[in-house]
Each structure stands twice: as structure tokens, then as C-alpha cells.
Amino acid sequence: MAKQFDVVVIGAGPGGYVAAIRAAQLGLSVACVDEWRNAAGKPAPGGTCTNTGCIPSKALLQSSENYDQVNHHFAAHGIEVGDVALNLDTLIGRKDTIVRQSNEGILYLFKKNKITFFHGTGALTAKVDFGWSIKVSGSADEDLEARHVIIATGSSARALPGLPFDEKQILSNDGALRMPAVPKKLGIIGAGVIGLEMGSVWRRLGAEVTILEAMPEFLAAVDRDVAKEAQKAFAKQGLAIQTGVKIGEIKATAKTVNVAYTDASGAEQKLSVNQLIVSIGRVPNTQGLGADTVGLKLDERGFVVVNDDCLTSLSNVWAVGDVVRGPMLAHKAEEEGVAVAERIAGQHGHVNFDTIPWVIYTSPEIAWVGKTEQTLKTEGREYKVGSFPFMANGRARALGDTTGFVKILADAKTDEVLGVHIIGPMASELISEAVTIMEFRGAAEDIARICHAHPTLSEAMKEAALGVDKRTRNL
Ligand code: FAD
Ligand code: NAI
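Residues numbered from 1 in each chain as written. Chains lettered and ligands numbered in written order. Predicted model: local features only at pLDDT ≥ 70, side-chain atom pairs only at ≥ 80, totals over all residues. Heavy atoms only, no water.

### Focus: the overall build of the chain
A count of helical and extended segments in the chain gives 14 helices and 21 strands. Relative to the compact-globule value of 23 Å for 475 residues, the chain shows a C-alpha radius of gyration of 24 Å, a close match. Considering only C-alpha atoms, the chain reaches an extent of 70 × 60 × 45 Å along its principal axes. Looking at the chain as a whole, 51% of its 475 residues are labelled buried. Nonlocal contacts in the chain, meaning residues at least 24 apart in sequence, comprise 61% of its contacts between residues at least 6 apart. Accessible surface for the chain amounts to roughly 22,000 Å². Of this, 51% is attributable to carbon and sulfur atoms. With 49 positive and 55 negative side-chain charges, the chain shows a spacing of 2 Å between the two charge centroids. (Helix = DSSP H or I, 4+ residues; strand = E, 2+ residues; numbered from the N terminus. Rg over C-alpha atoms; globule rule 2.2 N^0.38 Å. Buried < 20%, exposed > 50% of the residue type's maximum accessible area, 1.4 Å probe, protein only. Contact = heavy atoms within 4.5 Å. Areas by Shrake-Rupley, 256 points an atom, 1.4 Å probe, with all protein chains shown as cover. Lys, Arg positive; Asp, Glu negative; His and termini not counted. Charge placed at Lys NZ, Arg CZ, Asp CG, Glu CD.)

Structure follows, in C-alpha cells:
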């Protein structure tokens, strides 16, 4: 006899587990199925984000930043240290502990919210009277039935054709987060978010890092002023980034990976490295989901097709997160998960795609929300700009971290904030003020009139807002 639930969520990443919790909070009976297992073969809910994405990458970014600070910045504070040693096993072990704590936290939340967790692969098998039947194959096989199904199966790293990941020399994000030793030379294909974050980690730990990027422009989707500032800062740190390249043959021998490529000028080049990270985007996870069996519509790139409400081509089957269109971000997945749970419960869940923030956790950090200046120009929209450098911010000077600026774009007539772009210290935290203002369709003047504590980095936001009205002061 199949176990019946109001909602069965397939996938326990940030899209899936958050949807499950919201559905349970709204009084629905909920099961969540997830196949991820840790090195010990135990269930590890949390998806890419918890296991090989957001959380472990930020743990390594913090550890490597601390190492960089001790080696290169403490002396300026009058702190003299002797020989500094790196214990990579401890550094990686700390990251693994943080991941395990997060896995356990999610299992605790499932229990607390009375969500039944099944460890295994979930596949849609048929439409039945109750709703949909789902087969779980894993530690113990189970037959489930659900009135509503939420697909939140996420994404996996895209490999280069003919170059599968072995996670020893050819690494996806997974291998990049657990190298057993710091490579002398590290190559990265793709100067996107993962390439820059992982490149920063291993450069700070001592690797010589070269990043090869196909697009002629660096960080093409980012505001041009920010991208230029970032490129300058990364070059100064020794992160070698080449844009406009065309990757040719890649050959891996026991100790080296040889990459042949054509550079932006058309010249043939060779790069020889110890390890190669391939970070050229991600593909949706739909294999084994039973899409063909039940007629679930996928697009030409394999994403589950959904409408604006995240409803798929099948009745009462929803999909959220990386497996559907839109940015591949944990907070986007979460927002969609909550909105779908609320819709199932008869409420009016909503996701505002115009106010989803982006963050790149390099040093300096990069964060933005809304439109870039180049987009506004293309749209022919009249706008005003205010910007403020961290060099003129007292707190940034005290921190010893003065790279970058805050840039605010506002409508020329109404003063409504259309986009905010930050490069500099704690940009990841500062951006939330911009998101809040934009969510309320606030004006630059609103930010300018709000009292910001002194001395804080957030004053740079206020000064940039004053700058929209040409009233910036020096701090
Ligand atoms: P996932 O997190 O991928 O979870 C899907 C889950 O479903 C997985 O556990 C998978 O095993 C399981 N699953 C798949 N198929 C089945 C099946 N048939 N049956 C059962 N289970 C199944 N985003 C940010 O916002 N901020 C960051 O800082 C950030 N850093 C990142 C760093 C890296 C290195 C990477 C790779 C990604 C990062 N991301 C970040 C992106 C973020 O991880 C994803 O956007 C997010 O995890 C998507 O959530 P999801 O729930 O859609 O899918
Ligand atoms: P990405 O889309 O950010 O970057 C991929 C880069 O590879 C692009 O610049 C692309 O032009 C380049 N590229 C593609 N094919 C190439 C080729 N053949 N040769 C050379 N360059 C090539 O994808 P990435 O870095 O793999 O990350 C995947 C996703 O994970 C991101 O888009 C993001 O949504 C998410 N993520 C988010 C993070 C965050 O929020 N801080 C951190 C890491 C990942």
C-alpha cells in the first residue's frame, strides 16, 4: 500500500527543503525525498548548496582569506607573526564539519516540522486517482502517492565535451572543494562565479592560478564599472585571467594537464597545470526523474518547463530552483519553493525576479541588484548615477579594506532606484539595504534620508544615494 501525502518534494536542496517546511507550516502532510549521500553513505540533505556549493565554498573562502590576512595584511596593523604554516587537512576538515552540521540541521528541521524524509532517488511513475505515484529507490524502496509534487532536483556541473570529471585532475566544483594538496599550478576554464571564487581560494593558499574565459568581456553580465574595478583588483592579486580564448585539446597525464587554446589575438597557446577546474555553467538534473514516463515537458536544454507560477506541463506537478529557468541561486530556489507551497495551500505566493540579489564572494566582494548601466542605456531609459568610493569611508579605512565603491542608478524623473552595484568590503551584506528599498520601490532620496550608523560601511550606500542628487560629502 503506497504511503499518501498532500505534497511530495523530490530534492532536499534549498528549493526543496524550504518548500517542504513551508508546506508543513501551512498544515499539509509532506514527504521529502533526496538521494545525496555523504562519504560515509549517510543521507546528506541540503543539495548542492550545502554539500558542494554555497556553504563549503564560503567556508574555504573564509579560511583562505584568514591565511591571506596573516601573510599579507597583519604587518600593517603592527602584528608581526613568525613562520605561518598551512594545515590543509584541518582547513578542509573544518569545512566538512560545517557541511555535516548543516545536513544535521536540515534533518532536525524535517523532524520538527513533521516532514517524512526518504533517502533515495524519486521518480514519477504514473497518474493515479489520488494524484501522482512516486517510486523511491534507495536504502529502502518505497511507493508514495502525492496530491501535489514539487520537483527540486537541482543541477550538476557541466563538463567539456570529451573531458569527464575524474575529480583528481579534472575537477568540478566538487573536487575543487577537496583537493588533498595545494597545486603548484591550477588552471580554471570559465571566469564565472565558481571560477573566480575557487580561483581566489587556491590562489590565497599558494597556487599559481590561470583562468581561461571564452567571452571577450570579463564578467559580461556585471555593471561595466564594477567589472573593470574587479579585473584590476584580481590582476593585482596575481589571479591571471585571459578572456576571449578558445579552448582546444586538453590532455591529462599522471601529473599534469595540458590545455591548448587560442588567445584573444588568435595566437596558439599552451597551458600546463597540475589540476584543472572546469566551471562553465551547470545542467539541470532530470535524469531518473521519470519525465518520459509521465510526459513531463523539458526544454531543449533539459530544464523542466514551468509557467510564471512554477507549474509544469502536468497538473499539480510543480518545479523550482536550478532545474527550472532563471538564475541558479540558492535564494531564488528558496523563494520559488515558498511561493509554490503557498500556492498549493491556496495562498498567493509571489517571487519578484527584479529584486533577486547576486553576490560573488571574492575579495573584494561584488554584489548587485536590479539593472546595470549598460542595460538602462540599451533600454533607452533616462537615469541618474550616484557613486561613492570606500576609500572615502572611515570604517573602510579603519578596516584597511578600501577597494571599490557603491554605485546607485535611479530613474531620472521619479528617482526610483533601478539598480545598485557594489564592489568592496562586505558588499554581500550591504546589498540587502538596496534589495529592501527596491522591493518597496523606494527612491534614492529614501536611502539618503535614512539615518545610517557612523562609522559603518553602510554610510557608503547613503553617500552614493546623496550622490544621485549631487550632494555627496567626504567622510
Ligand atoms: P540543489 O541544491 O542542487 O538540490 C537538489 C537536490 O536534489 C540534491 O540533493 C540532489 O541530490 C537531489 N536530487 C536530484 N535528483 C533527485 C531524484 N531524482 N530523487 C531524489 N533526489 C534527487 N548560490 C547562492 O545563492 N549563493 C552562493 O554562494 C552559491 N555558491 C555556490 C557555489 C558553488 C561551488 C556551486 C556549485 C553553486 C553555488 N550556488 C550558490 C548555487 C546554489 O548551490 C544552487 O543555486 C542551489 O543549490 C539550487 O538549489 P536547488 O534546491 O534547486 O537544487
Ligand atoms: P557561470 O555561468 O557563472 O560561468 C561560466 C563561465 O564559463 C562563463 O563566463 C562562460 O562564458 C564561461 N565558459 C563557458 N563555456 C566555456 C568554454 N568552453 N571555454 C571557456 N569559458 C567558457 O557558471 P559557473 O561558474 O560554473 O557557476 C554555475 C552557477 O552556480 C552560477 O551561474 C551561479 O548561478 C551559481 N553559483 C553562484 C555563486 C554565488 O552566488 N556566489 C557561487 C558559485 C556558483
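### What about the site of ligand 2?
Not every one of the 23 residues close to ligand 2 is listed here, only the nearest: Glu197, Glu213, Gly281, Met328 and Val359. Within the side chain of Glu197, an N or O atom sits 2.9 Å from a nitrogen atom of ligand 2. Contact distances for ligand 2 include 2.6 Å between an oxygen atom and a side-chain N or O atom of Glu213. Relative to its unbound accessible area of 840 Å², ligand 2 is 76% covered by the protein chains. The set of elements that each furnish at least two residues to the shell around ligand 2 consists of helix 6 (193–204) and strand 17 (358–360). Per-element tally for the shell around ligand 2: the top contributor is helix 6, with three residues. Here the shell around ligand 2 is composed, by residue class, of 14 nonpolar, four polar and five charged. (Near = heavy atom within 4 Å. Polar contact = N/O pair within 3.5 Å; in protein donor to acceptor, adjacent residues only side chain to side chain. Nonpolar A, V, L, I, M, F, W, Y, C, P; charged D, E, K, R; others polar.)

### With respect to the layout of surface pockets
Looking at the second largest pocket, its volume works out to about 1,300 Å³. Listed by contribution, the elements that provide at least two residues to the lining of the second largest pocket are helix 3 (54–72), helix 6, helix 7 (224–237), helix 11 (394–399) and helix 12 (427–439). Ranked by residues supplied to the lining of the second largest pocket, first place goes to helix 3 with eight residues. The class makeup of the residues in the lining of the second largest pocket is nine nonpolar, 15 polar and twelve charged. (1 Å grid on protein atoms, 1.4 Å probe; cavity = no way out; pocket = protein on both sides within 12 Å on 5 of 7 lines; lining within 4 Å. Points joined across faces, edges and corners; volume = space filled by probe spheres on them.)

### Notes on the environment of Val283
Tracing the backbone shows Val283 in strand 15 (residues 282–284). Residue classification places Val283 among the partly exposed positions, given a relative accessible area of 33%. For Val283 and Asn316, which are 33 residues apart along the polypeptide, the C-alpha to C-alpha distance reads 24 Å. Residue contacts for Val283: discarding those within four places in its chain leaves Gly154, Ser155, Ser156, Ala157 and Arg158.

### Looking at the pairing of strand 21 (residues 417–424)
Of all eight residues that make up strand 21, eight are buried, and the element is covered over most of its length. Bridging between strand 18 (residues 365–370) and strand 21 involves six bridges; their strand directions are antiparallel. Paired with Gly370 across the bridge in strand 21 is Gly419. Pairing of strand 20 (residues 405–411) with strand 21, which is carried by six bridges, proceeds in the antiparallel orientation. Bridged to Leu409 within strand 21 is Gly419. Adjacent in sequence and paired antiparallel, strand 20 and strand 21 are bridged by five residues, among which Asp415 carries a positive phi angle near 75 degrees. (Pairing = 2+ DSSP bridges.)

### Some points on the packing of helix 1 (residues 14–25) against helix 9 (residues 330–344)
The interhelical angle for the contact between helix 1 and helix 9, taken along N-to-C directions, is 30 degrees, at an axis separation of 7 Å. One way to sum up the angle between helix 1 and helix 9 is to call them roughly parallel. Considering the relative orientation of helix 1 and helix 9, their crossing is right-handed. For the pair formed by helix 1 and helix 9, the contact residues are Pro14, Gly15, Val18, Ala19, Arg22 and Ala23 on the first element and Ala330, Ala333, Glu334, Gly337, Val338, Ala341 and Glu342 on the second. Class assignment for the residues of the contact of helix 1 with helix 9 results in eight nonpolar, two polar and three charged. (Axes fitted to C-alpha atoms, helices over the stretch in contact; angles between N-to-C directions. Parallel < 35°, antiparallel > 145°, perpendicular 65-115°, else oblique. Left-handed = near helix turned anticlockwise from the far one by under 90°.)

### Quick word on a nonpolar patch on the surface
There is a patch of nonpolar side chains on the surface, built from Ile79, Val81 and Val84 and spanning about 210 Å² of accessible area. With respect to the element layout, Val81 can be found in the loop between helix 3 and helix 4 (88–112). (Patch = residues over 30% accessible without salt bridge, like charges linked within 9 Å, V, L, I, M, F, W, Y side chains within 5 Å. Salt bridge = Lys/Arg side-chain N within 4 Å of Asp/Glu carboxyl O.)

### Observations regarding the sheet that holds strand 12 (residues 257–262)
Overall, antiparallel pairing links the three strands, which are arranged 11-12-13 in an open sheet. The strands lining the two open edges of the sheet, one partner per strand, are strand 11 (246–252) and strand 13 (268–273). Taking the axes of each pair of neighbouring strands and ignoring which way they run, one obtains an average angle of 20 degrees across the sheet. As judged from the five bridges shared by strand 11 and strand 12, these two strands associate in the antiparallel manner. When the bridges of strand 12 are listed, Ile247 appears paired with Tyr261.

### Comments concerning the domain arrangement of the chain
The domain boundaries assigned to the chain delineate domain 1 (3–157 + 283–351), domain 2 (170–280) and domain 3 (357–468). Here the C-alpha centre of domain 3 lies 29 Å away from the C-alpha centre of domain 2. Contact residues are listed per partner, giving 18 residues for domain 2 and 19 residues for domain 3. Taken together, both faces of the contact between domain 2 and domain 3 bury some 1,400 Å²; the carbon and sulfur share is 66%. Considering only the surface of domain 2 that becomes buried against domain 3, Asp223, Val226 and Glu229 emerge as the three largest contributors, covering 34% of it. Summed over the shared surface of domain 2 and domain 3, the number is two salt bridges. In this structure, the salt-bridge partner of Lys407 is Asp223, at a minimum N-O distance of 2.8 Å. Between the two partners, domain 2 and domain 3, sit eight residue pairs in polar contact (both at pLDDT 80 or more). Looking at the side of domain 2 that touches domain 3, the elements that each hand over two or more residues are helix 6 and helix 7. Here the element with the most residues in the side of domain 2 that touches domain 3 is helix 7; it accounts for eight residues. (Domains from an automatic or database assignment. Buried area = accessible area lost by both parts, 1.4 Å probe.)

### Quick look at helix 3
With 19 residues, helix 3 should cover 27 Å at 1.5 Å per step; its first-to-last C-alpha distance of 26 Å lies within 8% of that length. When helix 3 is considered as a whole, its buried residues turn out to be Pro56, Ser57, Ala59, Leu60, Leu61, Ser63, Ser64, Glu65, Tyr67 and Asp68. Of the surrounding secondary structure, the elements contacted by the buried residues of helix 3 are helix 2 (47–52), helix 4 and helix 6. (Expected span 1.5 Å × (residues − 1).)

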